[in-house]
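Overview (structure and organization)
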Amino acid sequence: MTESFLVTGTTKEEKYRSLYAAIAALTQDESDIIANMANVTAAVKEVFGFLWVGFYHVVEDELVLGPFQGPVACTRIKKGRGVCGLSWEKAESIIVPDVDKFAGHIACSSKSKSEIVVPIFCDNNITGVLDIDSEDLNAFDEIDEKYLSQIVKLLYIS
Ligand code: SME
């Protein structure tokens, strides 16, 4: 199975296109959301080497930590709090070029310098968010948002 996980490309967009196809193949026969989330975090981290790649699930009025790759992280985030809680509240992706300049940022690792959070929709409800942290400032842009939003749609396809 691991032999089939092949991602190619030179530019970020090429890598994302290839990564999308690889994740589509990985998730197409699997209906378990945790299994799919676990493989998505591993695949994204392997290709881009981000500091932290992980999911938070909506559980009642909080986000609760799900599958992730990277340093240990805070387990619960209230709606509207931090980048993740705000993405959930606003129902939109948030790109933070410099976490030190984001009021209310929740720092799980002092190594994190920039961040992107993408909400996950299922039947028009937000069921969680994908959160990615980078050790570099300004690591994320609209290309990351475009492809990560497409990738999270693969979680529920099966
Ligand atoms: N920085 C996030 C918290 C989660 S960790 O980055 C893994 C936030 O502000 O919501």
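Reference entry: report on the structure contained in this document. (Residues numbered from 1 in each chain as written. Predicted model: local features only at pLDDT ≥ 70, side-chain atom pairs only at ≥ 80, totals over all residues. Heavy atoms only, no water.)

On to the site of the ligand. With respect to spatial proximity, 13 residues lie near the ligand, and among them V83, C84, I106, C108 and E115 are the closest. Separating an oxygen atom of the ligand from a side-chain N or O atom of D133 is a distance of 3.1 Å. More than half of the atoms belonging to the ligand lie within 2 Å of the grid points that define the largest cavity. Taken together, the residues that form the shell around the ligand break down as eight nonpolar, two polar and three charged. (Near = heavy atom within 4 Å. Polar contact = N/O pair within 3.5 Å; in protein donor to acceptor, adjacent residues only side chain to side chain. 1 Å grid on protein atoms, 1.4 Å probe; cavity = no way out; pocket = protein on both sides within 12 Å on 5 of 7 lines; lining within 4 Å. Sits in = over half its atoms within 2 Å of the grid points. Nonpolar A, V, L, I, M, F, W, Y, C, P; charged D, E, K, R; others polar.)

Across all of its chains, the model carries one cavity of 30 Å³ or more by this definition. Put simply, the largest cavity is a space of about 150 Å³. Taken together, 18 residues make up the lining of the largest cavity; nearest its centre are I106, C108, E115, D131 and D133. With three residues, the single largest contributor to the lining of the largest cavity is helix α3 (residues 82-90). For the lining of the largest cavity, the residue count by class is 11 nonpolar, four polar and three charged. (Points joined across faces, edges and corners; volume = space filled by probe spheres on them. Helix = DSSP H or I, 4+ residues; strand = E, 2+ residues; numbered from the N terminus.)

Counting buried positions along strand β6 (residues 125-134) yields eight of 10 residues, so the element is predominantly enclosed. Taken together, the nine bridges between strand β5 (residues 114-122) and β6 define a ladder with antiparallel strand orientation. Looking across to β6, one finds that I120 is bridged to G128. Connecting β5 to the next strand, β6, in antiparallel fashion are two residues, including D123 with a positive phi near 50°. (Buried < 20%, exposed > 50% of the residue type's maximum accessible area, 1.4 Å probe, protein only. Pairing = 2+ DSSP bridges.)

Attention now moves to the environment of A91. You can see A91 is positioned in the loop between α3 and β4 (94-96). On the basis of relative accessible area, A91 is assigned to the partly exposed category, the value being 37%. Through-space distance from the C-alpha of A91 to that of D131 is 14 Å; in sequence the pair is 40 residues apart. Those residues within four positions of A91 in sequence are excluded, and the remaining contacts are P119, F121 and I126. (Contact = heavy atoms within 4.5 Å.)

Before going further, it helps to examine the pairing of β5. The element β5 is extensively covered by neighbouring structure, given that seven of its nine residues are classed as buried. Bridging between β4 and β5 involves three bridges; their strand directions are antiparallel. What sits directly across from I95, in β5, is I116.

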